[in-house]
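# Architecture at a glance
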Amino acid sequence: MSQSTPSSNACPKCSAALPSTATAGLCPRCLMAEAMVPTQVEGEPAIQLPLPTEQIAPHFPQLEILECLGRGGMGVVYKARQKTLNRFVALKLLAPERVLDPHFAERFTREAQALAALNHPNIVTIYDFGQAGGFYYLLMEFVDGMNLRRLLRARKFTPEEALAIVPPLCDALQFAHDRGIVHRDIKPENLLLDKTGRVKVADFGIAKILGTVNASGKAGEPAAPENTTQTDVGTPGYSAPEQKTDPQRVDSRADVYSLGVVFYELLTGERPDGRLEPPSKKVQIDVRLDEVVLRALEKDPELRFQQVSEVKTMVETIVRPSSNPPPVSPAADISTLTPRKGKLKDMLSTKAIIAIVSACVLLVAGTLAIVFHSTTETRNIIKIKARIDGKDIMKIQGNKVWWEHEEAGLPGDPKGGNQPTFINGIAWRPQWDGSNSIPFEALTPVFNPKSPAQVTFNKLSGRGDAAISELPTPANNNTLSVYFYDEEGGADWYELSILWK
Amino acid sequence: MSAEPTPPTRCRPRQGSLAEEFRTTRWTQVSRAKADSPEGRHALAELCNAYYEPVAAFLRCDLRDADAARELAHDFFAHMLTGGTIAHAEQERGRFRSYLLGAVKHFLSHHREALLRLKRGGGVENISLNETEVPSVPDAGVLPPDAAFDQQWALTVVAHALEALQRECIAEGRSDFFELVKPWLTGDAAHGDQAALAARHGMNANALKVAVHRLKRRFRQLLKAEVAGTLDNPGLVEAEMRALFAALGG
């Protein structure tokens with residue numbers, strides 16, 4: 001474009017001709033380009049998990065999103081409360097990058113419906129599923145406990161404990177198999193143990209939903225390794241050999257194999273390697289159990305147990321009931337329990353499982369305090385309720401909380417409305433001293449996150465913005481800054497919680 | 001922050017976006033209104049007032065005569081506002097931009113005939129290439145008239161959104177802030193270090209970051225509202241924005 005008029009300059013950024021006055025000296029093309037950058041500017045969820053809970057909450061008005069429970073290969077799980085039913089639920093958002101198939105939506109619905117029909121005490125129930133905010137989600141039963149991986153890391157299981165877990169697991173798997181659903185990804189991370197001692201299998205059939213199981217393709221043709229993803233082949237170490245070599249032929253016997261791996265790991269503390277040493281050589285158990293474990297671990301599905309229920313039958317046969325069971329106290333020191341014939345059946349009772357879980361708490365309370373997400377235990381949390389008019393910044397450092405005010409009414413000031421700020425329920429009327437308030441110095445627990453990444457923030461109410469504006473770093477003396485912005489007339493109450501590890 | 005902690009004036013509530021107030025009419029109101037209804041005509045008058053420049057740009061490109069273009073634009077709008085062309089081109093009703101372009105072309109073709117008749121009758125007009133008042137488009141002679149129209153349209157849309165944003169800031173007593181921060185509307189890399197700027201003006205760096213973010217978000221909202229105001233179906237805003245951006249590409 002030739003430039004023949006005196007008013008033309010070129011934008012340094014995009015080289016478009018600049019008009020003289022219309023857009024306040026700014027390049028209109030750049031203005032428009034910048035304004036067209038989608039989503040992030042609006043504060044809509046980016047397609048990156050995990051998201052801060054306040055970005056998820058608008059898409060689930062029926063839920064109160066509480067905290068992020070964890071992140072797995074397939075997505076992120078949040079703890080939430082269903083407002084109408086007043087119960088806790090787990091909300092799983094499926095990571096969009098895992099949706100590999102164009103016909104995902106249709107299959108998702110079909111599979112999710114099948115899963116929702118799996119109503120069994122040892123299976124994590126699906127309550128609802130759908131699409132919101134650009135994600136596919138599953139609304140599930142919230143299990144107040146922890147997964148077997150964490151328990152395994154915390155300490156070794158005794159054989160009794162292992163044997164207590166396997167039969168209900170078999171029940172769950174058999175129930176699903178009878179309804180044509182194969183889990184395909186049985187591993188300790190997907191097996192939950194709740195506080196009442198109940199085993200629950202989670203994430204049934206997720207692999208199939210995600211379309212990583214080859215729906216088409218010729219039978220007998222091995223999947224090329226470069227075309228498969230982790231879920232195609234299950235999880236390395238737990239998936240049956242045919243999941244890699246012959247995915248089209250995968251059936252319920254793959255779950256038998258994975259169960260075998262878990263069983264082996266529970267008994268010995270290690271996963272089976274190439275040599276496949278019988279468990280009785282590693283720990284003191286009934287040698288007949290070797291047979292069960294090794295048969296489940298047969299490479300050829302034809303040689304394994306053909307039904308999961310057979311595993312349970314075998315285990316229960318080996319562990320014969322006694323007529324005089326000794327009492328098991330929940331506070332019993334687990335390490336004194338040794339395998340004795342005739343006493344094992346008691347170990348299979350729910351009481352024993354409760355003993356396992358509570359013993360875990362007793363023995364490794366330190367580790368578990370971090371790992372458990374329980375509402376009844378104390379944890380590192382600050383709950384703040386404040387009345388905001390205009391702009392304010394709250395700072396949190398160690399045991400101190402104070403306001404650095406910016407604009408409009410002061411929190412806690414009579415001129416600003418004379419409302420206190422509540423810190424963990426304690427009312428505080430900050431006195432103002434120069435530009436800052438006199439701090440609140442009784443914060444318990446003391447705010448000392450291990451790293452900036454260990455701080456999570458939930459805004460529970462408030463019509464404007466509240467967000468972390470600065471994370472605690474050594475540079476700022478580990479001070480957390482929370483920024484409030486209430487731009488409407490008058491003031492509003494803001495509630496938020498800050499958790500840290 | 002003052003030594004004496006007296007609370008400054010409270011933030012005033014925003015009375016709905018000023019862009020919305022400025023253009024409460026919508027193309028939907030015009031396109032569905034009956035030709036003779038006062039509401040329809042009023043709505044159309046407002047829109048025409050707002051989108052005068054693209055028509056002028058088109059005519060300048062086509063006629064190669066700034067004076068003649070201005071006169072014709074005036075005649076065209078007068079003609080439109082007296083109910084002349086409301087009933088024109090049903091298929092163009094989705095977008096005011098397409099509608100207006102169609103209408104001005106239609107008007108022009110009739111006018112050419114009249115011009116020709118006039119010329120044959122005598123009275124030679126002086127054709128001047130001095131473009132004394134070129135508001136925006138740098139070289140109208142090089143672009144085809146349709147492209148000039150679209151480009152000026154896009155420019156007008158952006159200008160309106162920016163003006164609306166500025167008006168809002170002024171109404172909130174933040175005109176200084178607007179002047180300070182507006183370069184960031186064209187991108188983060190545009191004007192250097194926000195932290196340094198904040199320090200220089202005694203502002204909290206994080207507060208500045210949040211405020212810039214909000215201003216950009218508001219600009220985007222106003223821009224979308226401006227575009228939506230010219231569409232029958234607001235769901236087509238994104239597509240229209242892409243088209244306008246392409247028109248600005250030159």
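Cut-off values and rules
All residue numbers refer to positions counted from 1 along the written sequence of the respective chain. Both sets of labels track the order of writing: A upward for chains, 1 upward for ligands. Restriction of local features to residues with pLDDT of at least 70 applies here, the model being predicted, together with a cutoff of 80 or more for giving and counting side-chain atom pairs; totals for whole chains, interfaces and linings are based on all residues. Numbering of helices and strands runs from the N terminus, with a helix taken as a DSSP run of H or I at least four residues long and a strand as a DSSP run of E at least two residues long. In this scheme every C-beta is placed from the backbone, and a residue whose C-beta has 20 or more other C-beta atoms within 10 Å is buried, one with 12 or fewer is exposed, and one in between is partly exposed. Placing a C-beta atom from the backbone of each residue, one calls two residues in contact when those atoms lie within 7 Å. When DSSP locates at least two bridges between a pair of strands, those strands are taken to pair. Helix axes are fitted only over the stretch in contact, all axes being lines through C-alpha atoms; the angle between N-to-C directions runs from 0 to 180 degrees. Given a helix with a known number of residues, its expected span is that number minus one, times 1.5 Å. When buried Ala, Val, Leu, Ile, Met, Phe, Trp, Tyr and Cys residues are joined through C-beta atoms within 7 Å, the set is termed a nonpolar core. What pLDDT conveys is the predictor's confidence in a given residue, as a value from 0 to 100. Reported orientations rely on four angle classes, namely roughly parallel under 35 degrees, roughly antiparallel over 145, roughly perpendicular from 65 to 115, and oblique for the rest. Here is the rule for handedness: rotate from the far helix to the near one, and if that takes an anticlockwise turn smaller than a right angle the crossing is left-handed, while a clockwise turn gives right-handed. Polar here means any residue other than Ala, Val, Leu, Ile, Met, Phe, Trp, Tyr, Cys and Pro, which are nonpolar, and Asp, Glu, Lys and Arg, which are charged; Gly is therefore polar.

When helices and strands are counted, chain B shows eleven helices and zero strands. Helices and strands appear in chain B in the N-to-C order α-α-α-α-α-α-α-α-α-α-α.

To continue, consider the overall build of chain A. In terms of helices and strands, chain A carries 13 helices and 21 strands. Across the 501 residues of chain A, 41% fall into the buried class. Long-range pairs, those at least 24 residues apart, make up 59% of the contacts in chain A with a sequence separation of at least 6.

Residues and elements named next belong to chain A. In space, the three strands of this open sheet follow the order S8-S9-S10, with antiparallel pairing throughout. For this open sheet the edge positions go to strand S8 (145-147) and strand S10 (199-201), each flanked by a neighbour on one side alone. Neighbouring strand axes in the sheet, compared pairwise and without regard to direction, differ in orientation by 30 degrees on average. Strand direction decides the pairing type here: strand S9 (residues 191-194) and S10, joined by three bridges, are antiparallel. Looking across to S10, one finds that Leu-191 is bridged to Val-201. Running over the sheet, helix H5 (residues 159-178) touches S9 and S10 and is turned about 35 degrees from S10.

The subject of this paragraph is the sheet that holds strand S14 (residues 421-423) of chain A. Residue and element names in this part refer to chain A. Within the open sheet, the five strands sit side by side as S15-S14-S11-S21-S18. Their pairing is antiparallel. Whereas interior strands pair on both sides, the edge strands pair on one side only; in this sheet they are strand S15 (426-428) and strand S18 (455-461). Taken pair by pair, the neighbouring strands of this sheet meet at an average axis angle of 20 degrees, ignoring direction. One ladder, built from three bridges, connects S14 with S15; its direction is antiparallel. Looking across to S15, one finds that Thr-421 is bridged to Trp-428.

Looking now at helix H7 (residues 145-171) of chain B. Compared with an ideal rise of 1.5 Å per residue, which puts 27 residues at 39 Å, H7 of chain B spans 38 Å between its outermost C-alpha atoms and is within 8% of the ideal. In the segment just after H7 of chain B, Gly-173 of chain B is the residue with positive phi, at about 75 degrees.

In terms of nonpolar packing, the biggest core is built from 77 residues, with Leu-91, Tyr-137, Leu-169, Leu-259, Phe-263, Ala-296 and Val-311 of chain A touching the most fellow members. Contacts of Leu-259 of chain A, omitting those with residues within four sequence positions, involve Leu-169, Leu-173, Ile-186, Ala-296, Val-308 and Val-311 of chain A. Residues Trp-27, Leu-59, Tyr-99 and Leu-155 of chain B belong to the second largest nonpolar core, which totals 61 residues.

Time to look at the pairing of strand S13 (residues 400-407) of chain A. Note on strand geometry: in a regular strand, side chains alternate between the two faces of the sheet. Residue and element names in this part refer to chain A. Where strand S12 (residues 390-397) lies against S13, seven bridges are found, and the strand directions are antiparallel. Within S13, the position partnered with Ile-396 by the bridge is Val-401. The turn joining S12 and S13, which pair antiparallel and follow one another in sequence, is formed by two residues; a positive phi near 60 degrees is taken by Gly-398.

Once that is clear, we can look at the confidence of the model for chain B. Residues and elements named next belong to chain B. On average, residues of chain B carry a pLDDT of 73, and 68% of them reach 70 or more. The weakest mean pLDDT in chain B belongs to helix H1 (residues 18-22) at 37; the strongest belongs to H7 at 91. A low-confidence stretch, residues 1-25 stays under pLDDT 50, and its non-local contacts, those more than four residues away or across chains, total 48 contacts. Across residues 126-138, where pLDDT falls below 50, the model places 24 contacts with residues more than four positions away in sequence or in other chains. Our summary of model confidence lists the complex with pTM equal to 0.40 and ipTM equal to 0.76.

Our focus in this paragraph is the pairing of strand S21 (residues 492-500) of chain A. Residue and element names in this part refer to chain A. The pairing of strand S11 (residues 381-388) with S21 spans eight bridges and is classified as antiparallel. Bridge pairing links Ile-388 to Asp-492 in S21. Sheet analysis places S18 next to S21, joined by six bridges and oriented antiparallel. When the sheet's bridge partners are listed, Ser-461 is paired in S21 with Glu-495.

We now examine unusual backbone geometry. Residues and elements named next belong to chain A. Here the bond from Thr-444 into Pro-445 is cis, since omega is -10 degrees, no more than 30 degrees from zero. You can see Pro-445 is positioned in the loop between strand S17 (436-437) and S18. For Leu-276, which is not a glycine, the phi torsion comes out positive at approximately 55 degrees. Of the residues examined, Leu-276 has 12 C-beta atoms within 10 Å and is grouped as exposed. Backbone geometry places Asn-478, a non-glycine residue, at a positive phi of 55 degrees. Along the chain, Asn-478 turns up in the loop between strand S19 (465-470) and strand S20 (480-486). The exposure class assigned to Asn-478 is partly exposed, which follows from the 16 C-beta atoms found within 10 Å.

The next point concerns the packing of helix H1 (residues 28-36) of chain A against helix H11 (residues 237-248) of chain B. Geometrically, a packed helix pair is captured by the angle between its two axes and the distance between the axes. It is at 10 Å that the axes of H1 of chain A and H11 of chain B come closest, and there the two elements cross at 150 degrees. In terms of their interaxial angle, H1 of chain A and H11 of chain B are classed as roughly antiparallel. Where H1 of chain A crosses over H11 of chain B, the two elements pack in a sense that is left-handed. Contacts from Pro-28, Arg-29, Met-32, Ala-33 and Met-36 of chain A of H1 of chain A reach H11 of chain B at Met-241, Leu-244, Phe-245 and Leu-248 of chain B. Broken down by class, the residue content of the contact of H1 of chain A with H11 of chain B amounts to eight nonpolar, no polar and one charged.

Moving on, we get to the environment of Phe-149 of chain B. Residue and element names in this part refer to chain B. Considering the arrangement of structural elements, one finds Phe-149 in helix H7. The exposure class of Phe-149 is buried, given the 28 C-beta atoms found within 10 Å. When the C-alpha positions of Phe-149 and Pro-54 are compared, they lie 4.8 Å apart, and in sequence the two are 95 residues distant. Residues within four places of Phe-149 in sequence aside, it is in contact with Pro-54, Ala-57, Phe-58 and Leu-101.

Residue and element names in this part refer to chain A. Its location among the elements puts Gly-260 in helix H8 (residues 252-268). The sequence separation of Gly-260 and Ala-240 amounts to 20 residues, and the corresponding C-alpha distance is 9.8 Å. Excluding its chain neighbours within four sequence positions, the residues that come into contact with Gly-260 are Val-293, Ala-296 and Leu-297.

This next bit is on the confidence of the model for chain A. It should be kept in mind that the predicted coordinates are not to be read in detail where pLDDT is low. All names here are of chain A. Taken over all residues, the pLDDT of chain A has a mean of 76, while the share at 70 or more is 72%. Contacts from residues 1-7, a stretch scored under 50 in pLDDT, to residues over four places away or in other chains number 16 contacts. Counted against residues more than four places away or in other chains, residues 322-348, with its pLDDT under 50, gives 43 contacts.

Residues and elements named next belong to chain A. Inspection of the secondary structure assignment puts Asp-185 in the loop between H5 and S9. Of the residues examined, Asp-185 has 28 C-beta atoms within 10 Å and is grouped as buried. Taking C-alpha positions, Asp-185 is 9.8 Å from Pro-236, a pair spaced 51 residues apart along the chain.

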